[in-house]
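The chain contents come next:
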Amino acid sequence: SMASPALLMRVVASAYSVAEKAATIVRNVMSAGDLGIVEKAGPNDLQTKADRLVQMSICASLARKFPKMTIIGEEELPTDDVTEDLIEDGHCEEILKKPCPAQYTGIKEEELVIWVDPLDGTKEYTEGLLDHVTVLIGIAYGGKAIAGVINQPYYNYEAGANAVLGRTIWGVLGMGAFGFQLTEVPAGKHIVVTTRSHSSALVNECISALNPDTVIRVGGAGNKIIQLIEGKASAYVFASPGCKKWDTCAPEAILHAVGGKITDIRGNPFQYNKEVKHMNSAGVLATLRNYDYYASRIPNTVKESLVP
């Protein structure tokens, strides 16, 4: 008989289906028309009904199947009983069929930490920039992002009525990443993707120092990593606090699975153990290729302004 799939593959396979359910919730809230917007820390820090329902759905669905995992979500929510219609019990068969990378076959449930951003790019969601929006489920072990799922609920939304809406990208370190076409920016092109709604003098100083050919300003950390792996941008640069562990965990795993690199602006890797502080206070620098080219051009003044 076939050995049952390793825990990690079961978690990823479930997270895949849970993310697809999340996308349906995101689309349903939008089409119903009442976003239920609440300001958290200010007008650029919003929460909608979709953020709340999706987080409840993801956390409750995964906790029911894997009760010993630690699950950390962005939103502070009451831990009331979640209604059954929010529970996703399925899994992706394709993922279960793939062999688990050898270094992860012995993982126990209580050793995993799941970082959940139920709706990355909330501000863009409220403004109708729907292609910026992602659902992020990151899986960490030993403080390191090792697997991730990114769902884009509105992928293809401008492609006409018959287009299939939404897609799910997933990856595991040592295995690769799937659900998209890996593409590199043309050689010699320096295209920087950065924040759309959290700009500052420091953010702009840092970008100027890189002397890019083009700067793309979009919402969402998940969206920015997708720009890198699809060859639309060569570096994601954000010289500011503001990004949190649930923004970077899933994208980091996918980027690293295809040979890219993400650190803070000072070159330090991110830690994802459950005790870690949530804020990535020294910003973000990520590339698919040529990390050192960009890292070496970050001004010391910028690095010194950002304390990890």
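The rules behind each value
- Residues numbered from 1 in each chain as written.
- Predicted model: local features only at pLDDT ≥ 70, side-chain atom pairs only at ≥ 80, totals over all residues.
- Heavy atoms only, no water.
- Helix = DSSP H or I, 4+ residues; strand = E, 2+ residues; numbered from the N terminus.
- Rg over C-alpha atoms; globule rule 2.2 N^0.38 Å.
- Buried < 20%, exposed > 50% of the residue type's maximum accessible area, 1.4 Å probe, protein only.
- Contact = heavy atoms within 4.5 Å.
- Areas by Shrake-Rupley, 256 points an atom, 1.4 Å probe, with all protein chains shown as cover.
- Lys, Arg positive; Asp, Glu negative; His and termini not counted.
- Charge placed at Lys NZ, Arg CZ, Asp CG, Glu CD.
- Polar contact = N/O pair within 3.5 Å; in protein donor to acceptor, adjacent residues only side chain to side chain.
- Core = buried A, V, L, I, M, F, W, Y, C linked by side-chain atoms within 4.5 Å.
- Domains from an automatic or database assignment.
- Expected span 1.5 Å × (residues − 1).
- UniProt positions renumbered as here; feature names shortened; annotations may be inferred.
- 1 Å grid on protein atoms, 1.4 Å probe; cavity = no way out; pocket = protein on both sides within 12 Å on 5 of 7 lines; lining within 4 Å.

## What about the overall build of the chain?
Phase 1: From N to C terminus, the chain includes nine helices and 13 strands.
Phase 2: Computed over C-alpha atoms, the radius of gyration of the chain comes to 18 Å, within 12% of the 19 Å expected from 2.2 N^0.38 for 308 residues, which places it in the range of a compact globule.
Phase 3: Taking the principal axes of its C-alpha atoms as reference, the chain extends roughly 55 × 45 × 40 Å.
Phase 4: Looking at the chain as a whole, 55% of its 308 residues are labelled buried.
Phase 5: Sequence-distant contacts, at least 24 apart, represent 71% of the contacts inside the chain between residues at least 6 apart.
Phase 6: As displayed, the chain offers around 13,100 Å² of accessible surface, 50% of which is attributable to carbon and sulfur atoms.
Phase 7: With 29 positive and 35 negative side-chain charges, the chain shows a separation of 5 Å between the mean positions of the two kinds.

## Structural notes on the environment of T183
Phase 1: Here T183 shows up in the loop between β8 (176-178) and β9 (191-194).
Phase 2: For the pair T183 and A257, spaced 74 residues apart in sequence, the C-alpha separation works out to 14 Å.
Phase 3: For T183, the contacting residues outside a window of four places in its chain are L228, I229, E230, G231 and L288.
Phase 4: There is a polar contact of 2.9 Å between the side chain of T183 and the backbone oxygen of Q181.

## Observations regarding the nonpolar core
Phase 1: In this structure, Y125 and Y236 are the most contacted members of the largest nonpolar core, which totals 105 residues.
Phase 2: It is helix α1 (residues 7-32) that provides the largest number of residues to this core, a total of 14 residues.
Phase 3: The two domains that each donate at least three residues to this core are domain 1 (7-178) and domain 2 (191-305).

## Observations concerning helix α2 (residues 49-65)
Phase 1: Across its 17 residues, α2 extends 25 Å between first and last C-alpha, which sits within 8% of the 24 Å expected from 1.5 Å per residue.
Phase 2: Within the span of α2, buried status applies to A50, D51, V54, Q55, S57, I58, C59, A60, S61 and L62.
Phase 3: Turning to α2, the residues buried within the fold contact α1, β2 (45-47), β3 (70-73), β4 (112-120), α4 (122-126) and β5 (134-141).
Phase 4: Residue T48 occupies the N-cap position of α2, its side-chain oxygen lying 3.1 Å from the main-chain nitrogen of A50.

## A word on the UniProt feature "binding site: Mg(2+)" (unreviewed entry) in the chain
Phase 1: With numbering matched to this structure, UniProt assigns "binding site: Mg(2+)" (unreviewed entry) to E74, D117, L119, D120 and D247. In sequence the annotated residues extend across 174 residues, while in space they remain close, none of their C-alpha pairs exceeding 9.6 Å. Of the residues named above, E74, D117, L119, D120 and D247 line the largest pocket.
Phase 2: With respect to the element layout, D120 can be found in strand β4.
Phase 3: For D120, a relative accessible area of 5% corresponds to the buried category.
Phase 4: Those residues within four positions of D120 in sequence are excluded, and the remaining contacts are H132, V133, T134, L136, G220, A221, G222, N223 and D247.
Phase 5: Mapped onto the elements, D247 comes out in helix α7 (residues 245-257).

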